[in-house]
Amino acid sequence: MTKSVRVDLQERSYSIWIGTGQWEENLQRCLDSLESLQHAFLIWDEHLDSLREAFTDRLASRSIRVQGYRVASGEGSKSVASLSSIWEAMLAARMDRKSVVIAIGGGVVGDLAGFAAATYMRGVRFFQVPTTLLAMVDSSVGGKTGINLPQSKNAIGAFWQPHAVLIDTTVLQSLPEREFRSGIAEIVKYGVILDPELFQWIEQNVAPILSRESQAMEKLIQRSCELKAQVVSSDERETTGLRAVLNYGHTFGHAIEAITTYGKYLHGEAISIGMTMAGWLAAEHNLWPRESWERQTQLLKRLELPTRCEPGMDCEAILSAMQSDKKNEHGVLTLILPVKIGEVRSVKHMGADEVRRAIEAFL
Ligand SMILES: NC(=O)c1ccc[n+]([C@@H]2O[C@H](COP(=O)([O-])OP(=O)(O)OC[C@H]3O[C@@H](n4cnc5c(N)ncnc54)[C@H](O)[C@@H]3O)[C@@H](O)[C@H]2O)c1
Ligand SMILES: [Zn+2]
């Protein structure tokens, strides 16, 4: 049975369709949300050639003209150069404002294709077919699109909501192990920040989760999308501060990714270490019971996620990267810290020495 999540954003509201082996019916549901569609422009990750072929066939059988652009796998494709090639290809394909962009891939393709859709002819419709767990539970919800500059990740971008999101758990079977676990880290994050029941459910279902059983995947994806959708609905453009709860573990984690030049840890792995550090800091300051921090650490370990840095990392470099995090307000280090499983708080009073201790404890 297809599950769906409604993302409530007034006239920009849309549905996320979640199924297992239900491509045909869920594609139809996405197409139903688009009026007078005659032309689709697919932007797909090179590792998803077969899915792109299946989409081409399904769209062509509905008399929709299909063209597209193949994106090289990896973060390097979120660049001005690939964006410019996509714009050129869109123009050559005679895309107009009635065409739709369909993004097939992980967060890289979703962000890049979404930004291409946001900017081509001042914005065309698009929908997402996320194929990594991270993209399913995080990057395809919320409307953030964009590319990197060589010196700054996600520096250029726009908020541009999709018309629909089509998720099918069957694609997860081919996802490399580390990529899969990296997505799980974000799901654990949702549990800690917003949903104690989700957290407990993960604790009780580690085996089916790690073996990617479709029912477990559907449940985790649906609940994660619901939670992210609620947060996004309350703060679509990150202006009220409510969306900041999603940054739990991310100030530490982004710093770890940055000082290792995005080469050593996948995003979710860095977030797993970041949540461990942030949770420890909260426990040290009696904001969070120590048992809760231990529960979180145990769960991350059972999910085969890292909970400390590999030897050789420089504490001062991590601290200084945290202090220049672009989410800090007026240069004040802002941390999201848990107060119980399912609830976090924004904390601005932690001094450098306290944060340094939290980093050092996990080096
Ligand atoms: N827009 C947002 O709100 C948001 C949120 C979080 C992350 N992001 C962005 O998402 C990006 C990371 O996304 P990601 O983790 O999905 O990485 P990714 O898109 O690079 O995909 C990871 C790897 O998996 C491969 N792949 C994808 N689907 C596959 C499948 N089904 N089978 C086999 N291989 C597959 C890709 O080719 C790639 O090598 C970053 O650029 C990050 O900035 C955006
Ligand atoms: Zn994240």
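Model, not experiment: these values are computed from the prediction.

Asks: Could you give an account of the coordination of the zinc ion (ligand 2), with specific residues and numbers?
Replies: Four donors placed tetrahedrally about a metal ideally form angles of 109.5 degrees, and six donors placed octahedrally ideally form angles of 90 or 180 degrees. Binding of the zinc ion (ligand 2) to the protein goes through Glu186 (OE), His250 (NE2) and His267 (NE2), at separations of 1.9 to 2.1 Å. Sequence positions of the donors to the zinc ion (ligand 2) reduce to the motif E-x63-H-x16-H. Within this pair, whereas Glu186 is found in helix 6 (residues 177–194), its partner His267 is found in helix 11 (residues 267–284), the two being separated by 81 residues in sequence.

Asks: Now, about the packing of helix 11 against helix 14 (residues 352–360): what can you tell me, with residues and values included?
Replies: Across the interface, helix 11 lies against helix 14 with an axial gap of 9 Å and an inter-helix angle of 125°. Regarding the angle of helix 11 to helix 14, the classification is oblique. Considering only the axes of helix 11 and helix 14, their crossing is right-handed. Contacts between helix 11 and helix 14 involve Met277, Trp280, Leu281 and Glu284 from the first element and Glu354, Val355, Arg357, Ala358 and Ile359 from the second. For the contact of helix 11 with helix 14, the residue count by class is six nonpolar, no polar and three charged.

Asks: With reference to specific residues and values, describe the environment of Gln38.
Replies: Note on placement: Gln38 falls in the loop between helix 1 (23–32) and strand 3 (39–45). Gln38 gets classed as exposed once you look at its relative accessible area, which sits at 60%. Along the sequence, Gln38 and Ser63 sit 25 residues apart, while their C-alpha atoms lie 7.2 Å from each other. With sequence-adjacent residues up to four places away left out, Gln38 is seen in contact with Ser63, Ile64 and Arg65.

Asks: Lay out the pattern of salt bridges in plain terms, naming residues and giving numbers.
Replies: Scanning the entire structure with this criterion turns up 27 salt bridges. Ionic pairing is found between Glu75 and Lys153, a salt bridge with its closest N-O pair at 2.9 Å. Taken together, the residues span a long stretch of sequence, with Glu75 in the loop between strand 4 (65–71) and helix 3 (80–92) and Lys153 in strand 8 (residues 152–159) at a distance of 78 residues. Glu284 is the salt-bridge partner of Arg290, the closest N and O atoms lying 3.7 Å from each other. Residue class for Arg290 comes out partly exposed when judged on its relative accessible area of 36%. Salt bridges here are not isolated pairs; linked through shared partners, they connect Glu75, Lys78, Asp111 and Lys153.

Asks: Which residues make up the sheet that holds strand 6 (residues 125–130), and what are the values?
Replies: Adjacent strands of a sheet pair through backbone hydrogen bonds, lying either parallel or antiparallel. Strands sit in the order 1-2-9-6-5-3-4 across an open sheet of seven strands; the sheet is mixed. Across the chains shown, the open sheet's two edge strands, defined by having one partner strand only, are strand 1 (3–7) and strand 4. Strand-to-strand twist of the sheet, defined as the mean angle between neighbouring strand axes without regard to direction, takes the value 15°. In this sheet, strand 9 (residues 164–168) lies alongside strand 2 (residues 14–19) in parallel orientation, the contact comprising five bridges. Bridged to Ser15 within strand 9 is Ala164.

Asks: Before we move on, could you go through the state of the cysteines and cite the residues and values that matter?
Replies: A covalent bond bridging the sulfur atoms of two cysteines is what the word disulfide describes. Within this structure, the stated rule accounts for zero disulfides. The thiol sulfur of Cys30 is not disulfide-bonded, and the nearest other cysteine sulfur, from Cys225, lies at 13 Å. According to the relative accessible area criterion, Cys30 is buried, its value standing at 0%. Unpaired in terms of disulfides, Cys315 finds its nearest cysteine sulfur in Cys309, a separation of 9.4 Å. Owing to a relative accessible area of 8%, Cys315 belongs among the buried residues under this scheme.

Asks: Account for the nonpolar core, with residues named and values stated.
Replies: Within the largest apolar cluster, 100 residues are counted, with the highest numbers of intra-cluster contacts made by Ile16, Phe127, Val188, Ile221, Phe252 and Val355. A per-element tally of this core places helix 11 first, with 10 residues. Residues from two domains meet in this core; each of domain 1 (3–173) and domain 2 (177–360) gives at least three. Apart from residues lying up to four places away in sequence, Val188 is in contact with Phe199, Ile202, Met275, Leu299, Leu300 and Leu303. One finds Phe41, Ile43, Phe115 and Ala117 within the second-largest nonpolar core, a separate group that totals 20 residues.

Asks: Would you mind going over the site of ligand 1 in detail, with residue names and values included?
Replies: The immediate surroundings of ligand 1 are formed by 24 residues, with Glu75, Gly107, Thr131, Thr132 and Ser174 found nearest. Lys144 has a polar backbone atom sitting 2.9 Å from a nitrogen atom of ligand 1. Take Asn154: an N or O atom from its side chain is 3.4 Å from an oxygen atom of ligand 1. Protein coverage of the free-state accessible area of ligand 1, which is 870 Å², stands at 86%. Those elements that provide at least two residues to the shell around ligand 1 are helix 4 (107–119), helix 5 (133–139) and strand 8.

Conventions and cut-offs
- Residues numbered from 1 in each chain as written.
- Chains lettered and ligands numbered in written order.
- Predicted model: local features only at pLDDT ≥ 70, side-chain atom pairs only at ≥ 80, totals over all residues.
- Heavy atoms only, no water.
- Donors = N, O, S within 2.8 Å, 3.2 Å for Na, K, Ca; no water.
- Helix = DSSP H or I, 4+ residues; strand = E, 2+ residues; numbered from the N terminus.
- Axes fitted to C-alpha atoms, helices over the stretch in contact; angles between N-to-C directions.
- Parallel < 35°, antiparallel > 145°, perpendicular 65-115°, else oblique.
- Left-handed = near helix turned anticlockwise from the far one by under 90°.
- Contact = heavy atoms within 4.5 Å.
- Nonpolar A, V, L, I, M, F, W, Y, C, P; charged D, E, K, R; others polar.
- Buried < 20%, exposed > 50% of the residue type's maximum accessible area, 1.4 Å probe, protein only.
- Salt bridge = Lys/Arg side-chain N within 4 Å of Asp/Glu carboxyl O.
- Pairing = 2+ DSSP bridges.
- Disulfide = S-S within 2.5 Å.
- Core = buried A, V, L, I, M, F, W, Y, C linked by side-chain atoms within 4.5 Å.
- Domains from an automatic or database assignment.
- Near = heavy atom within 4 Å.
- Polar contact = N/O pair within 3.5 Å; in protein donor to acceptor, adjacent residues only side chain to side chain.
- Areas by Shrake-Rupley, 256 points an atom, 1.4 Å probe, with all protein chains shown as cover.

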